[in-house]
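Each chain, written out:
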Amino acid sequence: MTVYILCFILFLVGLYGAITRRNLVKIVISLSVMEFSVFLFLALIGYVEGGSAPIIDPAKPDALYVDPLPQAMVLTAIVIGLATTAMLMSVIIRIYRKYKTLDIREIKNLRG
Amino acid sequence: MNPLIPLFIAVPLAGAFLTIILGRFLRDAGRYTGLLVLLCLAAVSIFAAATINGEVLAYKVGGWEPVNGIPIGIYMVMDNFTALVLCIINIVGFLALIYSVTYISQYTSENYFYSLFCLMVAGMNGVVLSGDLFNIFVFLEIASIASYALVAFGVEREQLEATFKYQVLGGLASLLILFGIGLIYWKAKTLNIADIKIAMGSNPDKIHYTVIQLLLLSGFGLKAAVIPFHAWLPDAHSSAPSPISAMLSGVLIKAAGIYVLIRIFFNMFIISSEIAVLITTLGALSMVIGVFLAIGQWDIKRLLAYHSISQMGYVILSVGIGMILLARGTKPEVATLAISGGIFHLINHAAFKSLLFLNAGAIEYRTGTRNLKEMGGLSGLMPATSSTSFIASMSISGIPPFNGFFSKLIIIIAAILGKFYLLALIAVIVSIITLASFLKFQRYAFYNKAVVGREQEIREVPFPMVFSMVILGLLCVLLSLLAIPQIRDMFLTPAIKVLTDPQLYTSTILGM
Amino acid sequence: MTLIVKKTTQLLAGIVFLYGIYVILHGHLTPGGGFAGGVIIAGSFILLILAFGSEFMNLTREETGTTLTENLAILAVLLIALAGMIVGARIFFDNWLPAGKVGELVSAGVIPLYNIFVGIEVAASILTIFLALVIFKEEITK
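Residues numbered from 1 in each chain as written. Chains lettered and ligands numbered in written order. Predicted model: local features only at pLDDT ≥ 70, side-chain atom pairs only at ≥ 80, totals over all residues. Heavy atoms only, no water.

**Description of the overall build of chain B**
Then, in step 1: Secondary structure summary: chain B contains 20 helices and 2 strands in total.
Then, in step 2: A compact globule built from 512 residues would reach a C-alpha radius of gyration of about 24 Å, and chain B, at 22 Å, matches this within 12%.
Then, in step 3: For the C-alpha atoms alone, the extent of chain B along its principal axes is close to 75 × 60 × 45 Å.
Then, in step 4: Classification of the 512 residues of chain B by burial places 66% in the buried group. (Helix = DSSP H or I, 4+ residues; strand = E, 2+ residues; numbered from the N terminus. Rg over C-alpha atoms; globule rule 2.2 N^0.38 Å. Buried < 20%, exposed > 50% of the residue type's maximum accessible area, 1.4 Å probe, protein only.)

Written as structure tokens, this is what we have:
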């Protein structure tokens, strides 16, 4: 149970960062921290006590394997996370070019 | 119909990649590929809606049959509700793309626009069709990432700011959804929607179940911009290029938010009255706060964006009323009526809100401004835009004989029959405020005194833009036919049946 | 960069590239596969670009090249998947090649083909992202 709680704390750390930081890049880093806490959680729920890597070995027919599906999910989610982060970073570079700052308090054309 | 199901995803994906490849050799490649792809999809989706006839079709990708009754492959599921939403996505997408042909030529690198557009349509079709939660997440991300890029397509200051906000909140939403999916997999050890219902069904762990429901509600609520989660919507929808605003407001928040919410809460969870009351409250709040935020706006597209929140409130409210009644087990026919009103309003909203955004785009295209105070007297100068926007405005405010009237009427009748008098009153009042807000839009944009000295430059927009606006205007009128009982029985009733009778969905997919 | 960095990178990049190919080709037998191998291959290119630098004009030309490669590769994946609807069991993503014997390099039907094309796609797309970010940065400093 402890590991799950640690995962959740990591999620909260990321959330805290995303809410309190003023720098755009730091917000993205906080988002990534949250993302990885969720990935960690997904990887943990697939763990089976004493299980080995899920590659079928013909020599050991009754071996115990960990659940491979969450691992596949994490891999897919990592790819998606890569795309989102890259997209965010390119937007930040564009924002920097237009506004000459990365401070979120100075980037507020839209309101109301 | 069955073998055609994967084409809804494969064709737009192929279109997206072909556009970039052909775009290297032909300058206009994107335009033709995009139009061709969306035309095919629109035709196939109409065919699907016409022939599906109340069945639930399951397509097993890769041919993986269930083992010991446990589904192991990826399932694509098509039923009447899916077919209706597919029709919305692909028809509105096609019309928005025709509109874009002239509108988007003011930007550079057009081909990327068409490629991203196809990708977004593929993502939305995938969300609607997929039968397991993780694929919903993946396709949701495809649609969202394409829409992030499309919102920022003009790379102006405001668009970049809006897209950053949209992306951070969208990313947060995806994380909440993924977290919820993880929690479900932890207990149920399956991801198939129908199988989760069986696996968690008998006696779920109460706290765990509620946490999952709240996580998924807030995740998809963020995507659907329900009121406490609405911060990104007005910025993103008003800053995007107009055809994209029409797609985002008209289709994306429905396909990625409302559709999935309805699907999982009816077909995956056991409806509990607490969650149903929460959903109804959120709907009522969205309705009221959305319209009050809208009425003070002078930027046309911002005004329309806030109205999107308010109108989505109607859909969520009526679905919530249906859920409350179903959870209580009393008056199932009123519950059916409420849900059918909600889904009817969902379809109508796609027609009139995308039309309004296209109108706003047409006004911006000719006058170069979105501020209502800086325009006026356009009714004589832009007759097609003016008349279609009049139809759409009357439709969204619920004036007969346009479609918005009938769906709002059904929702209000259902609320009264279900003894939710306060909600019915709120719905009527919100509708009146909506009317006031749109009368302001009509008066300032089209009927006020013209701005001096600009009459010569302003004329009607080019033909492709007029064409899509007129077709959507016709749809606004024609969709009111869905209120006639015979036609409703053909399209709406089977769609409601899948939702109110979860046994049908579950048993067909699991082959029991 | 100094001569030491350049020389080491030159020696390493080829090995990294080969290792990426190894991971892709054994994707259906061992952990790894298209995505992991593709990232490794992209890494070898990124190492070279970081060590040797590149002219701005060169960067944009490389970027259009990688975009094209990426799209062709992912289109190939889609076509293989669609081919399953024409031959064999007529199902999307059907494994329409003979499966072979478990544990051999040429086995598992079309899965190695998917791995190869996904590997190319991932390598090209990560390289595209890298190049695009570098190009953006160069445009700012100009």
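**Some words on the interface of chain B and chain A**
Then, in step 1: With 34 residues of chain B at the interface, the matching set in chain A holds 38 residues.
Then, in step 2: Between chain B and chain A, a total of about 3400 Å² is buried, with carbon and sulfur atoms accounting for 77% of that surface.
Then, in step 3: Summed over the three residues of chain B that lose the most area to chain A, namely Arg157, Glu161 and Phe164 of chain B, the buried surface amounts to 20% of that side.
Then, in step 4: Counting the contacts that link chain B with chain A gives 0 salt bridges.
Then, in step 5: On inspection of chain B and its partner chain A, the count reaches 7 residue pairs in polar contact (both at pLDDT 80 or more).
Then, in step 6: Sorting the residues of the side of chain B that touches chain A by element identifies helix H5 (133–151), helix H6 (157–188), helix H9 (232–239) and helix H12 (300–328) of chain B as the ones contributing at least two each.
Then, in step 7: By residue number, the principal contributor to the side of chain B that touches chain A is H6 of chain B, which donates 19 residues. (Contact = heavy atoms within 4.5 Å. Buried area = accessible area lost by both parts, 1.4 Å probe. Salt bridge = Lys/Arg side-chain N within 4 Å of Asp/Glu carboxyl O. Polar contact = N/O pair within 3.5 Å; in protein donor to acceptor, adjacent residues only side chain to side chain.)

**A short note on helix H15 (residues 383–396) of chain B**
Since there are 3.6 residues in each turn of an α-helix, residues three or four apart along the chain are aligned in direction.
All names here are of chain B.
Then, in step 1: Helix length check: H15 (14 residues) gives 20 Å between terminal C-alpha atoms against 20 Å at 1.5 Å per residue, within 8%.
Then, in step 2: Counting buried positions over the 14 residues of H15 gives 11, a clear majority of the element.
Then, in step 3: What H15 keeps buried is the set Ala384, Thr385, Ser386, Thr388, Ser389, Ile391, Ala392, Ser393, Met394, Ser395 and Ile396.
Then, in step 4: On its buried face, H15 sits against H12, helix H13 (332–367), helix H14 (378–381), helix H16 (403–417), helix H17 (421–447) and helix H18 (463–478).
Then, in step 5: Residue Gly398 follows H15 closely and has a positive phi angle near 80°. (Expected span 1.5 Å × (residues − 1).)

**Description of the packing of H13 of chain B against H15 of chain B**
All names here are of chain B.
Then, in step 1: Where H13 meets H15, the axes come as close as 9 Å, and the angle between the chain directions of the two elements is 145°. Considering only the axes of H13 and H15, their crossing is left-handed. The segment H13 lies against H15, with Phe352, Lys353, Leu355, Leu356, Asn359, Ala362 and Ile363 engaging Thr385, Thr388, Ser389, Ala392, Ser393, Ser395 and Ile396.
Then, in step 2: Its residues assigned to classes, the contact of H13 with H15 comprises 7 nonpolar, 6 polar and 1 charged. (Axes fitted to C-alpha atoms, helices over the stretch in contact; angles between N-to-C directions. Left-handed = near helix turned anticlockwise from the far one by under 90°. Nonpolar A, V, L, I, M, F, W, Y, C, P; charged D, E, K, R; others polar.)

**Some thoughts on the confidence of the model for chain A**
Then, in step 1: A residue-level look at chain A finds 97% of positions with pLDDT of 70 or above and a mean pLDDT of 86.
Then, in step 2: Element-level pLDDT for chain A is lowest in helix H3 (residues 68–99) of chain A, with a mean of 89, against a maximum mean of 91 in helix H2 (residues 24–45) of chain A. (pLDDT = per-residue confidence, 0-100.)

**Concerning the pairing of strand E1 (residues 57–61) of chain B**
Residue and element names in this part refer to chain B.
Then, in step 1: Burial of E1 is one-sided: the residues Leu57, Tyr59 and Val61 facing one way are buried, the residues Ala58 and Lys60 facing the other way are not.
Then, in step 2: By the bridge criterion, 5 bridges tie E1 to strand E2 (residues 74–78) in an arrangement that is antiparallel. When the bridges of E2 are listed, Leu57 appears paired with Met78. (Pairing = 2+ DSSP bridges.)

**Comments concerning the state of the cysteines**
Then, in step 1: In this structure the tally under the stated criterion is 0 disulfides over all chains.
Then, in step 2: Free cysteine Cys40 of chain B: the closest other cysteine sulfur is in Cys118 of chain B, separated by 11 Å. (Disulfide = S-S within 2.5 Å.)

**Quick look at the interface of chain B and chain C**
Then, in step 1: Contacts between the two partners involve 18 residues from chain B, matched on the other side by 15 residues from chain C.
Then, in step 2: In this assembly, chain B packs against chain C so that about 1300 Å² is buried in total across both faces, 79% of it on carbon and sulfur atoms.
Then, in step 3: Of all residues in chain B, Phe17, Ile21 and Arg24 of chain B bury the most surface against chain C, accounting for 35% of the area lost on that side.
Then, in step 4: Connecting chain B to chain C are 0 salt bridges.
Then, in step 5: Along the contact surface separating chain B from chain C lie 0 residue pairs in polar contact (both at pLDDT 80 or more).
Then, in step 6: Only helix H1 (7–23) and E1 of chain B provide two or more residues apiece to the side of chain B that touches chain C.
Then, in step 7: Looking at which element gives the most residues to the side of chain B that touches chain C, the answer is H1 of chain B, with 8 residues.
Then, in step 8: A breakdown of the residues in the side of chain B that touches chain C according to their chemical character gives 14 nonpolar, 2 polar and 2 charged.

**A short note on the layout of surface pockets**
Residues and elements named next belong to chain B.
Then, in step 1: Of the volumes computed, that of the second largest pocket is approximately 600 Å³.
Then, in step 2: In terms of lining residues, the second largest pocket is bounded by 22 residues, among which Cys87, Ile91, Ile347, Leu475 and Leu479 are the most central.
Then, in step 3: Of all the secondary-structure elements, those providing two or more residues to the lining of the second largest pocket are helix H2 (29–51), helix H3 (80–103), H13, H18 and helix H19 (485–500).
Then, in step 4: Broken down by element, the residue count for the lining of the second largest pocket peaks at 7 residues, all from H3.
Then, in step 5: Considered class by class, the residues forming the lining of the second largest pocket number 22 nonpolar, no polar and no charged. (1 Å grid on protein atoms, 1.4 Å probe; cavity = no way out; pocket = protein on both sides within 12 Å on 5 of 7 lines; lining within 4 Å. Points joined across faces, edges and corners; volume = space filled by probe spheres on them.)

**Description of empty space enclosed by the protein**
Then, in step 1: What the rule picks out here adds up to 5 cavities of 30 Å³ or more.
Then, in step 2: Of the voids in this model, the largest cavity is the one considered here, and its volume is about 180 Å³.
Then, in step 3: Taken together, 20 residues form the lining of the largest cavity, with Glu35, Gly81 and Thr84 of chain A together with Gly171 and Leu175 of chain B sitting closest to its centre.
Then, in step 4: Breaking the lining of the largest cavity down by element, the ones donating at least two residues are H2 and H3 of chain A together with H5 and H6 of chain B.
Then, in step 5: In the lining of the largest cavity, the residues fall into 10 nonpolar, 8 polar and 2 charged.
Then, in step 6: Space inside the second largest cavity adds up to approximately 100 Å³.
Then, in step 7: Lining the second largest cavity are Leu217, Val226, Ile258, Leu261, Ile262, Phe265, Ile279, Leu282, Ile316, Val319 and Met323 of chain B.
Then, in step 8: Those elements that provide at least two residues to the lining of the second largest cavity are helix H10 (242–267), helix H11 (273–295) and H12 of chain B.

**Some remarks on H13 of chain B**
All names here are of chain B.
Then, in step 1: Between its first and last C-alpha atoms H13 spans 52 Å; for 36 residues at 1.5 Å apiece the expected length is 52 Å, and the two agree.
Then, in step 2: Along H13, the sharpest change in direction is near 25° and occurs at His349.
Then, in step 3: Among the 36 residues that make up H13, 29 are buried, leaving the element largely enclosed by the rest of the structure.
Then, in step 4: After H13 finishes, the residue Gly368 shows a positive phi value of roughly 75°. (Bend = angle between axes of the 7 residues up to and from the residue.)

**Looking at the pattern of salt bridges**
All names here are of chain B.
Then, in step 1: Overall, the coordinates contain 10 salt bridges over all chains when judged by the stated rule.
Then, in step 2: Between Arg302 and Asp235 there is a salt bridge; the shortest N-O distance is 3.0 Å. In this pair, Arg302 sits in helix H12 while Asp235 sits in helix H9, placing the two residues 67 residues apart along the sequence.
Then, in step 3: When its relative accessible area of 7% is taken as the criterion, Arg302 is described as buried.
Then, in step 4: Assessed through its relative accessible area of 3%, Asp235 is described here as buried.

**What about the packing of aromatic side chains?**
Then, in step 1: Throughout the structure, instances matching the rule amount to 27 aromatic pairs over all chains.
Then, in step 2: Considering the side-chain rings of Tyr4 of chain A and Trp186 of chain B, the 4.5 Å spacing of their centres and the 45° angle between planes classify their relative orientation as tilted. Of the two residues, Tyr4 of chain A sits in helix H1 (residues 2–20) while Trp186 of chain B sits in helix H6, which places them in two different chains.
Then, in step 3: Taking relative accessible area as the criterion, Tyr4 of chain A reaches 19% and is therefore assigned buried.
Then, in step 4: Judged by relative accessible area, Trp186 of chain B falls into the partly exposed class, the value being 24%.
Then, in step 5: Among the aromatic residues, ring-to-ring pairing joins Tyr4, Phe8, Phe11 and Phe41 of chain A together with Phe179 and Trp186 of chain B into one connected group.
Then, in step 6: The side chain of Lys373 of chain B reaches across the aromatic face of Trp298 of chain B, ending 4.6 Å from its centre.
Then, in step 7: Seen from the ring of Tyr444 of chain B, Arg443 of chain B lies directly overhead, with NZ or CZ sitting 5.2 Å from the centre. (Phe/Tyr/Trp six-rings, centres within 6.5 Å; stacked < 30°, edge-to-face > 60°. Lys NZ or Arg CZ within 6 Å of the ring centre and 35° of its normal.)

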